[in-house]
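Notes for the structure review
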Amino acid sequence: MKFENKVVLVTGASRNTGLGIAWRFLQEGAFVCINATTVESTKKGGDFLRERGFGDQILELPGDISNPDDVDAMYGKLQEKCGKIDILVNNACYQGIGPAFQDVKYSEMERVFRVNLMGTFYMGQKAANMMIRQGFGVIVNFSSNTSMRAIRNRAAYCASKGGIDALTRAMAIDLAPYKIRVNTITPGYIYTERWDKLDEATRARRRANVPLGLEADADTLADVVFFLASDEARGITGERIVVDGGTSIQHMPADVDL
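Residues numbered from 1 in each chain as written. Predicted model: local features only at pLDDT ≥ 70, side-chain atom pairs only at ≥ 80, totals over all residues. Heavy atoms only, no water.

Notes on helix H2 (residues 39–50)
The criterion, for reference: Where helices and strands are cited, they refer to DSSP runs of H or I of at least four residues and of E of at least two residues respectively, numbered from the N terminus. Take the number of residues in a helix, subtract one, and multiply by 1.5 Å to get its expected span. For every residue, the accessible area (1.4 Å probe, protein chains only) is compared with the maximum for its type, and the residue is labelled buried under 20%, exposed over 50%, or partly exposed between those bounds. The directions from the helix axis to the C-beta atoms are what the arc is built from. Residues are treated as being in contact if the distance between any of their heavy atoms lies within 4.5 Å.
In this model, H2 (12 residues) spans 16 Å end to end at C-alpha, consistent with the 16 Å of a helix rising 1.5 Å per residue. Residues of H2 that are buried include every one of Thr42, Gly45, Gly46 and Leu49, and no others. Viewed along the axis of H2, the buried residues span an arc of 100°, placing them on a single side of the element. Counted as exposed and oriented over 90 degrees from the buried face of H2: Glu40 and Lys44. Looking at the buried side of H2, the elements it contacts are helix H1 (16–27), strand S2 (31–34) and strand S3 (58–60).

What follows is the structure in structure tokens.
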């Protein structure tokens with residue numbers, strides 16, 4: 001198995017992309033620590049994995065990644081149980097869907113940054129300090145194609161994801177001497193349970209604006225995480241890997257460019 005004897009921590013792993021990535025790592029032999037904000041949501045993800053026969057290979061680490069005390073407690077439990085961390089996947093985020101820039105409240109901007117940017121920073125720093133002692137490690141951050149091409153009414157989200165792109169480069173250059181690689185995955189549309197609430201016409205229009213005609217899903221993104229975490233990517237660090245089906249390379253979407 002490709003990740004046998006590896007210890008992996010995945011944030012935002014109670015559902016959707018994070019849970020799918022955790023499941024795939026388990027299937028590849030890893031010991032996986034799963035994080036979500038609450039005890040209940042983390043247990044929900046854990047129950048999903050236990051029902052599929054992975055009870056002995058998981059550790060639940062509930063905690064709010066925007067709260068440094070929670071992060072400290074999570075890593076304390078990880079150190080006690082596993083003694084190391086090989087791979088960190090910083091998947092958790094807060095969407096911050098809201099009003100246009102001029103109406104965004106300071107408190108909401110701060111909340112989005114505390115989860116998306118500060119959470120990625122502190123989760124990464126705690127992992128890095130364990131990895132430095134080991135002399136190896138991989139960190140995969142999740143950004144968004146909105147970090148380069150803004151969408152309406154998401155000022156905080158777009159800015160926080162742009163911060164993750166820049167933070168990844170800074171992390172990569174500082175941690176390279178310790179053989180720790182840091183890269184960012186940059187998705188566009190991702191299929192989640194929210195898509196099930198959309199009518200078929202809306203889903204079809206979204207897909208029409210993806211040149212490859214299909215949104216990403218947990219398996220699509222897990223494939224890229226696996227590559228970046230593997231020895232095959234041993235020469236890659238500080239990079240921004242876009243996984244959006246070609247959405248961000250076009251001048252304008254299909255329903256306009258006619």
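Section: the side chain of asparagine 35
To keep things clear, this is the line we draw: In the analysis that follows, any N or O atom pair within 3.5 Å is treated as a polar contact, provided that within protein one partner can donate a hydrogen and the other can accept it, and provided that, for residues neighboring in sequence, both atoms belong to side chains.
Residue placement: asparagine 35 occurs in the loop between S2 and H2. A distance of 3.0 Å separates a polar side-chain atom of asparagine 35 from the backbone oxygen of leucine 61. Among the polar contacts listed, one links the side chain of asparagine 35 to the backbone oxygen of glycine 63, at a separation of 3.0 Å. If we ignore the near neighbours within four places in the chain, the residues touching asparagine 35 are Leu9, Val10, Thr11, Gly12, Ala13, Ser14, Thr42, Leu61, Pro62, Gly63, Ile65 and Met74.

Here we look at the packing of H1 against helix H7 (residues 218–229)
Note the cut-off: Only the stretch in contact is used when a helix axis is fitted, and all axes are lines through C-alpha atoms; the angle between N-to-C directions ranges over 0 to 180 degrees. For classification purposes, angles smaller than 35 degrees are called roughly parallel, those larger than 145 roughly antiparallel, those between 65 and 115 roughly perpendicular, and all remaining angles oblique. Each crossing gets its hand from how the near helix is turned against the far one by less than a right angle, where anticlockwise is left-handed and clockwise is right-handed. Residue type decides the class: Asp, Glu, Lys and Arg count as charged, Ala, Val, Leu, Ile, Met, Phe, Trp, Tyr, Cys and Pro as nonpolar, and the leftover types, Gly among them, as polar.
In contact at an axis separation of 9 Å, H1 and H7 are set at 55° when each is read in the N-to-C sense. Judged by the inter-axis angle, H1 sits oblique to H7. H7 is crossed by H1, and the crossing has right-handed handedness. Where H1 approaches H7, its residues Asn16, Thr17, Gly20, Ile21, Arg24 and Phe25 are matched on the opposing element by Ala218, Asp219, Leu221, Ala222, Asp223, Val225, Phe226 and Ala229. Residues belonging to the contact of H1 with H7 are distributed by class as follows: eight nonpolar, three polar and three charged.

Description of the sheet that holds strand S5 (residues 137–142)
Counted only if it meets this: Pairing between strands is defined by DSSP: at least two bridges between them are needed.
The seven strands are arranged S3-S2-S1-S4-S5-S6-S7 in an open sheet whose pairing can be described as parallel. The open sheet is flanked by S3 and strand S7 (240–243), the only strands paired with a single partner. Here the average twist between neighbouring strands, direction ignored, is 20°.

Let's talk about the pairing of S5
For clarity, the threshold we go by: Note on handedness: a clockwise path from strand one over the helix to strand two, with the strands aimed away from the viewer, defines a right-handed crossover.
In terms of burial, S5 is largely enclosed, as six of its six residues are buried. By the alternation rule, side chains of S5 split into Gly137, Ile139 and Asn141 and Val138, Val140 and Phe142, which are all buried. Sheet topology note: the strand S4 (residues 87–90)/S5 ladder contains four bridges and is parallel. Among the inter-strand pairings, valine 89 is bridged to a residue of S5, identified as valine 140. You can see the chain leave S4, run along helix H4 (residues 106–134) and come back into S5, and the turn it takes is right-handed. Note: S5 against strand S6 (residues 180–187), six bridges, orientation parallel. Bridge pairing in S6 places glycine 137 opposite isoleucine 180. Following the chain from S5 across helix H5 (residues 155–175) to the adjacent parallel S6, one finds a crossover that is right-handed.

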